[in-house]
Amino acid sequence: MAYFAMRLLHISTMHVRFMGMVALVGVAYGVVVLKEASYLRLPNRNGQYVVNSRTARESAYDDARSYLYVVGRDTAMLHIISLADPANPQEVYTHNFDVAADGRPLDVELCRAAGVTPTLAVTFDGQDSVAFEGHLVLYNLFESSSDTLTPLNPTDPRITVGAHPDNMKFTSDCRRLVVSNEGEPRVVEGTFYDPEGTVSVVTFSTTPGAIPTVTTIDFRKFDEQSELVPILDKGVRYWLRRDPNDPSNIIQFSQNVEPEYVAISPSNGFAYITLQENNAIARIDLENSVITSLYAMGNKSWEFLTLDASDRDNGIAMASRKIRSLYQPDKVAFFTWGADIPYLVTTDEGRPTNIPGVTFQDYARAASLNWNIDDATLGSELTNSAELGRLYVSNVDGFDDTPNVPYAFGGRGFSIWNTQSMERTWESGDELERYSRQHFPTTFNGNCATFSQTPAQEMDARSTWMGPEPNSVAVGNFNGRTVLVIGSGRNGMLFVYTLQPNVNNPTPEFQSVHRAGEIDATWENLYAREDMGDAIISDIKFSSSGTPKVIVTSEASGSVSVYTLVDETWPATEL
Ligand SMILES: *[C@@H]1O[C@H](CO)[C@@H](O)[C@H](O)[C@H]1NC(C)=O
């Protein structure tokens, strides 16, 4: 063993001598692995530590001052944490929003750029039960731990946006802030509302102190048949067309559309916004404030891939199935490759929808539906609980086809898109499910929903839904390589990929998978012991400056995990 290691070292030294830079990649003999630097639970409004208080939903990290800003929707709190020493995070400030006056915070972002006031932005859900108008407030960034939270414009801090401003991003020059207003359907006092999905573009003036302007972009042009039919033909989903309480009341596409998550192109010229339920991405021209395109995200066949579609199959049983699934991406991020070509990575989570207060849902267990299917094997699998019978499939898609096509939700992986051609150039197939089976079988396709259960008891619980359900992504640089960290929200796994050098199209290569936390007790007891790990991951940030770090915020564990990256042999216990 030692002799072999020495020979490798010798060979690598020769490479360094003869081949210069090329050998640097070879010297480490490893893969990129996350190392736990610290773990911090965030207290609720009463200063208490309670499992699933949802103190951590979205985060923003200020590289210049090492402050992490974290909002919790349910707690209506902002926590500011210093990561100056990543191994020893220090909470420097806590703010409790006034829910009645402010609403609940949904997202936090920040921006620093030359010539612009350093700005923190927080979006808030609408309080008005008819218009559902959300708003955002801009604050000064913290420069030191003695600062307090102060609005940029104390006399009129609110900027009105659309309904349910779930996500936002600044352009890198801080000149614009793009807010996605999801406008989810809801029932208020027995009345059904489906607010329009819109995108607000806030443009900051170059004159110091001037009020920013807001342009709100709607999707009404797609209500015209001439615009609607072509996008539906491409596969954009229009899944709710009538008020479930009153079918004479038409729900327009502009209401049904649900803008979810924003990524800004590297040139700052365009925003790409996932319309998760609609299985699409909208591209917005930020100079002209118009939607230039809606791209359908498509669906994948499982005929030559494998998935576990049942929780009644004695644990892990991955098999090929003659079904398809809708990608339905959630979070997205940009990176550039080759000659500065902008690429998008999408986390293809999937999103079956139900609307509380009405009976509508766009999914059902496969065995509960009537199928017109020729294939006898598929037909019998669809009724068998150990195979496809318990899988949640769309009750909207695939029934116009003869024979019918069963569509599950989510790509159970992630995709890479060239945004010049808007082609999916790579996707992860069944890798996430296979690597979790290999490395974390006891929490494979796991959930974190019943806190009196152990993680192992909730193993396999999401197989019938979207399996590994990747819902978060961050892209950064480490040791000269582009690293993607993909978060599997419910089972708390972080998949690390690097893009392979010298490849025309960016090609992710699996490096390692990390799952924090233990499994030997109930979630509540693990929480009390600070051993719950990253449970219900909701956001990942990658800071490439200084010591590269990955910061993970998770809702059920109400936690912030900080990871550093290393190049090493993994897993350490391998022969
Ligand atoms: C799934 O993809 C196929 C081929 O790409 C396409 O023909 C079909 O219409 C898609 N189905 C849905 C429901 O979008």
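Conventions we followed
Residues numbered from 1 in each chain as written. Predicted model: local features only at pLDDT ≥ 70, side-chain atom pairs only at ≥ 80, totals over all residues. Heavy atoms only, no water. Salt bridge = Lys/Arg side-chain N within 4 Å of Asp/Glu carboxyl O. Helix = DSSP H or I, 4+ residues; strand = E, 2+ residues; numbered from the N terminus. Buried < 20%, exposed > 50% of the residue type's maximum accessible area, 1.4 Å probe, protein only. Near = heavy atom within 4 Å. Polar contact = N/O pair within 3.5 Å; in protein donor to acceptor, adjacent residues only side chain to side chain. Areas by Shrake-Rupley, 256 points an atom, 1.4 Å probe, with all protein chains shown as cover. Disulfide = S-S within 2.5 Å. Pairing = 2+ DSSP bridges. Axes fitted to C-alpha atoms, helices over the stretch in contact; angles between N-to-C directions. Contact = heavy atoms within 4.5 Å.

Q: Would you mind going over the pattern of salt bridges with me for this structure?
A: In this structure the tally under the stated criterion is 33 salt bridges. Salt-bridge contacts for R390 lead to D311; the nearest nitrogen and oxygen are separated by 2.6 Å. Placement of the pair is R390 in the loop between helix 6 (376–381) and strand 25 (392–394) and D311 in the loop between strand 20 (299–301) and strand 21 (324–326), with a sequence separation of 79 residues. Taking the relative accessible area as the measure of exposure, D311 reaches 29% and is therefore partly exposed. Where R529 meets D531, a salt bridge forms, and the shortest distance between an N and an O atom there is 2.9 Å. The exposure class assigned to R529 is partly exposed, which follows from its relative accessible area of 40%. Through salt bridges that share partners, E58, E109, K331, D539 and K541 make up one connected network.

Q: Teacher, can you tell me more about the site of the ligand here?
A: Near the ligand you find N299, R324 and Y407, and these make up its full shell. Within the side chain of N299, one N or O atom sits 2.4 Å away from an oxygen atom of the ligand. Between the ligand and Y407, the relevant distance is 2.7 Å, taken from a nitrogen atom to a side-chain nitrogen or oxygen of the residue. Computed on the free molecule, the ligand has an accessible area of 360 Å², of which 46% lies beneath the protein chains in the complex.

Q: Hey, could you run me through the state of the cysteines in this one?
A: Note: disulfide means a covalent bond formed between the sulfur atoms of two cysteine side chains. One pass over the full model with this rule turns up one disulfide. One disulfide bridge connects C111 with C174, the sulfur atoms lying 2.1 Å from each other. Linking C111 and C174, the disulfide has an S-S dihedral of approximately -90 degrees and is accordingly described as left-handed. Highlighted residues: C111 in strand 6 (residues 105–111) and C174 in the loop between strand 10 (165–170) and strand 11 (176–181), separated in sequence by 63 residues. C174 carries the same exposure label as C111, and that label is buried.

Q: Help me out: how do you make sense of the sheet that holds strand 32 (residues 508–515) in this one?
A: The strands that make up a sheet pair up through hydrogen bonds in the backbone, lying either parallel or antiparallel. A sheet is described by the order of its strands in space; here four strands give the open sequence 29-30-31-32, paired in antiparallel fashion. Single-partner strands in this sheet number two, and they are strand 29 (470–478) and strand 32. The average undirected angle you get between the axes of adjacent strands in this sheet is 20 degrees. As judged from the eight bridges shared by strand 29 and strand 30 (residues 481–488), these two strands associate in the antiparallel manner. Following the sheet pairing, F478 is matched in strand 30 by R481. Along the sheet, helix 7 (residues 431–439) contacts strand 29, strand 30, strand 31 (493–499) and strand 32; its crossing angle with strand 31, the most-contacted strand, is approximately 120 degrees.

Without other data, these values stay purely geometric and don't point to any function.
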